[in-house]
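Remarks on the overall topology
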Amino acid sequence: MGKALTIAAGDSVATLLDDAEAGERIAGVTLATAIPRGHKVALHPLAAGQPVLKFGFPIGRARRGIAPGDHVHSDNLATGLSGTERYRYDPRPAPEPAAATGATFEGYVRADGRVGTRNEIWILPTVGCVARTAERIAKRAGAALPPHVDGVHAFTHPHGCSQLGQDLAGVRAILASLACHPNAGGVLLVGLGCEENQVKDLLAAIPPERHGAIRYLTAQFSADEVEEGCALVAELAAHAAMPRQTVGLDKLVLGVKCGGSDGLSGLTANPLVGRISDRVGEAGGRVVFTEVPEMFGAEQMLMDRAADARVFDAMVGVITGFRQYFIDHGEPISENPSPGNVAGGITTLEEKSLGAVQKAGRGRIADVIGYGERIRGDGLTLLEAPGNDAVSSTALAAAGATAILFTTGRGTPLGFPVPTVKIASNADLAARKPGWIDFDAGAVLDQGFEAAEALLLARICAIASGAPTAAETNDEREIAIWKRGVTL
């Protein structure tokens, strides 16, 4: 007999944990049709237009009458989202803190007190025209490194010219923030010479105290830009060599992200990551979360966790701004989930959002920062960025995340500038794609959250101490920048 999980008392649906056939008796109802794993079955009659509840909240409305045992999905469930909303400031009491953990990791302690999980040399092109130049420098320079320098990596992109205003400013902000990252023991900026994003302007966006770990070249003014670049990388590497030191979780900065979610993501991987977020926050560390369009339908429950009225107002500004962004482009705000999400059992954006926001745990939201900005304080920070995997993960790294916990129900090989820990929502994905996945959160269903949390925390500490992620082993490292303006 198959199994199903009902998340909250009063929910209209249960989520199947295994594929089931028509006629099976599951969760107190007889299935009217075959239902795949991760999909929903109706638990009681629903009239047309009636709200359908999951996680204790509406995930949409019934398109027509739904009987107990029916498969609840795209043909009979519709989103209830449209336009903008009015939000209320209704702060809730902070949750009781969990028991402290003595977990530690071996990190690189920088002069300013921040701690890196890697000690690398990063090469950042100012413009796409020198992207391949940056890659050639990285390949040649990376062949000979001193001990304790973990690698040389070029993070290329197609931007930096033929851009104006906010669009160009966003590119410069992301690159400047990456240049400040504690995982980079040194940074080489590679410019072309005639681009809009001039090296001098990028340097001006980087705090002066960071300039000692930065070198730059302009290819049009260099006799041999690759030779010059390799010499500058060698200079940076010589100054960057340092040992790891034992530090506590208070020195960890986690970014949390989900991509290719399925119907189990909100039941296993995302709430498990939420527990880790709480652990790190309670230890005095930092957690940053984003994917603002994947908060629609769940934003009020996040706003109820705002630390104060200032944070609440900032959250309203970011979320309302994103809703208006969709409207201004003539697009429905509910045009999500993706085809892969739908195949995995997610039907509406509300359902996806209610599962996705669980990665942020239960703690107070202490701050809100804009796209390209860096985190300013301890605790939980909301970052303005879209849901796109590459764009949002790049923004998390630029904000200062020294590792990213990336949950997935469908799987993806993508990796980013910082260690990207892939956490599968189900055991089948973990077994099928061991070259992509670092941790199987499907274990929650058999072992429970406490046991799975202990295992995941140990894995995170090992990775923060230098153990490679699957993406690093596969040399999957890239950035993507949010393109928002005209192209000249």
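See the structure above.
Predicted model, so just to flag it, every value in this text is computed and none were measured.

1. Let's talk about the overall build of the protein chain
What the protein chain contains, in helices and strands, is 14 helices and 23 strands. Computed over the C-alpha atoms, the radius of gyration of the protein chain is 23 Å, within 12% of the 23 Å expected from 2.2 N^0.38 for a compact globule of 488 residues. Its C-alpha atoms give the protein chain principal-axis dimensions of about 75 × 45 × 40 Å. Counting the 488 residues in the protein chain, one finds 56% classified as buried. For the protein chain, contacts bridging at least 24 residues in sequence account for 72% of all contacts bridging at least 6. Entry remark: accessible area of the protein chain is about 18,600 Å², with carbon and sulfur atoms responsible for 53%. Looking at the protein chain, you have 45 positive and 55 negative side-chain charges, and the mean spots of the two groups are 1 Å apart.

2. Some details on the pattern of salt bridges
Scanning the entire structure with this criterion turns up 28 salt bridges. One salt bridge in this structure joins Arg-362 and Asp-278, with 3.6 Å as the shortest N-O distance. One end of the pair, Arg-362, is in the loop between α9 (349-356) and β19 (365-369); the other, Asp-278, is in helix α5 (residues 269-282), and 84 residues separate them in sequence. Owing to a relative accessible area of 46%, Arg-362 belongs among the partly exposed residues under this scheme. The class of Asp-278 is buried, set by a relative accessible area of 13%.

3. Quick notes on the packing of aromatic side chains
Considering all chains together, one arrives at eight aromatic pairs under this definition. Ring geometry for Phe-322 and Tyr-325: centres 5.8 Å apart, planes at 90°, overall edge-to-face. Taken together, the residues span about one helical turn, with Phe-322 and Tyr-325 both in helix α7 (residues 309-328) at a distance of three residues. Look at Phe-322 and you get buried, because its relative accessible area is 3%. Ring geometry for Phe-322 versus Trp-482: centroids 5.4 Å apart, planes at 5°, classification stacked. With Phe-322 in helix α7 and Trp-482 in the segment after α14 (470-473), this pair connects stretches of sequence that are 160 residues apart. Here Trp-482 falls in the buried class, since its relative accessible area comes to 8%. Put simply, the rings of Phe-296, Phe-322, Tyr-325, Phe-326, Tyr-371 and Trp-482 touch in pairs and so form one group of aromatic residues. Of note, Lys-433 hangs over the ring of Trp-436, and the distance from its end group to the ring centre comes to 4.1 Å. Sitting over the face of the ring of Trp-482, Arg-484 holds its NZ or CZ atom 4.2 Å from the ring centroid.

4. Quick word on the packing of α5 against helix α13 (residues 449-464)
As a packed pair, α5 and α13 sit with axes 10 Å apart at the nearest point and diverge in direction by 65°. In this structure, α5 crosses over α13, and the sense of that crossing is right-handed. Residues Pro-271, Leu-272, Arg-275, Ile-276 and Arg-279 of α5 lie in contact with α13, whose contacting residues are Phe-449, Glu-450, Ala-452, Glu-453, Leu-456, Leu-457 and Ile-460. When grouped by side-chain class, the residues that make up the contact of α5 with α13 number eight nonpolar, no polar and four charged.

5. So, the sheet that holds strand β9 (residues 77-78)
Reading across from one edge, β6-β7-β9 is the order of the three strands in this open sheet, with antiparallel pairing throughout. Pairing within the sheet leaves two strands with one partner each, and these edge strands are β6 (51-54) and β9. As paired strands, β6 and strand β7 (residues 57-62) are joined by three bridges and run antiparallel to one another. Note that in β7 the partner of Pro-51 across the bridge is Arg-61. Docked against the sheet, α9 engages β6 and β7, running at close to 165° with respect to β7.

6. Digging into the environment of Ile-375
Counting through the fold element by element, Ile-375 comes out in the loop between β19 and β20 (379-383). In this structure Ile-375 comes out as buried when scored by relative accessible area, which is 14%. Here the alpha-carbon distance between Ile-375 and Asp-304, two residues 71 residues apart in the chain, equals 21 Å. In this structure, Ile-375 is in contact with Val-253, Arg-286, Val-288, Ile-369, Thr-381 and Ala-399, ignoring residues within four places of it in sequence.

7. A word on the sheet that holds strand β14 (residues 184-191)
With respect to topology, four strands assemble into an open sheet ordered β13-β12-β14-β15, the strand pairing being parallel. In this open sheet, the two edge strands, each paired with only one partner strand, are β13 (151-154) and β15 (214-218). Each neighbouring strand pair of the sheet contributes to a mean axis angle of 15°, computed without reference to strand direction. As paired elements, strand β12 (residues 120-125) and β14 share six bridges and run parallel to each other. Residue pairing in the sheet places Glu-120 in a bridge with Ala-184 of β14. The strands touched by helix α2 (residues 165-179) within the sheet are β12, β14 and β15, with β12 carrying the most contacts at an inclination of about 165°.

8. Some remarks on a nonpolar patch on the surface
On the surface, a cluster of nonpolar side chains totalling about 210 Å² of accessible area is made up of Leu-5, Ile-7 and Leu-445. Along the chain, Leu-5 falls in strand β1 (residues 4-5).

9. Quick word on the pairing of β12
Counting buried positions over the six residues of β12 gives six, a clear majority of the element. Burial along β12 is two-sided: the residues Glu-120, Trp-122 and Leu-124 and Ile-121, Ile-123 and Pro-125 are all buried. What joins β12 to β13 is helix α1 (residues 131-141), and the crossover it makes is right-handed.

10. Observations regarding unusual backbone geometry
The amide bond that connects Asn-336 to the next residue, Pro-337, takes the cis arrangement and shows omega of 20°. Turning to its location among the elements, Pro-337 is positioned in the loop between α7 and α8 (339-343). With a phi angle near 65°, Phe-55 is a residue other than glycine that sits in the positive phi range. Here Phe-55 lies in the loop between β6 and β7. Residue classification places Phe-55 among the buried positions, given a relative accessible area of 12%. Within the chain, Asp-475 stands out as a residue other than glycine whose phi angle is a positive 55°. Structurally, Asp-475 is set in the segment after α14.

Rules and cut-offs
Residues numbered from 1 in each chain as written. Predicted model: local features only at pLDDT ≥ 70, side-chain atom pairs only at ≥ 80, totals over all residues. Heavy atoms only, no water. Helix = DSSP H or I, 4+ residues; strand = E, 2+ residues; numbered from the N terminus. Rg over C-alpha atoms; globule rule 2.2 N^0.38 Å. Buried < 20%, exposed > 50% of the residue type's maximum accessible area, 1.4 Å probe, protein only. Contact = heavy atoms within 4.5 Å. Areas by Shrake-Rupley, 256 points an atom, 1.4 Å probe, with all protein chains shown as cover. Lys, Arg positive; Asp, Glu negative; His and termini not counted. Charge placed at Lys NZ, Arg CZ, Asp CG, Glu CD. Salt bridge = Lys/Arg side-chain N within 4 Å of Asp/Glu carboxyl O. Phe/Tyr/Trp six-rings, centres within 6.5 Å; stacked < 30°, edge-to-face > 60°. Lys NZ or Arg CZ within 6 Å of the ring centre and 35° of its normal. Axes fitted to C-alpha atoms, helices over the stretch in contact; angles between N-to-C directions. Left-handed = near helix turned anticlockwise from the far one by under 90°. Nonpolar A, V, L, I, M, F, W, Y, C, P; charged D, E, K, R; others polar. Pairing = 2+ DSSP bridges. Patch = residues over 30% accessible without salt bridge, like charges linked within 9 Å, V, L, I, M, F, W, Y side chains within 5 Å. Right-handed = clockwise from strand over helix to strand, strands pointing away.

As far as function goes, none of this settles anything; it's purely spatial.
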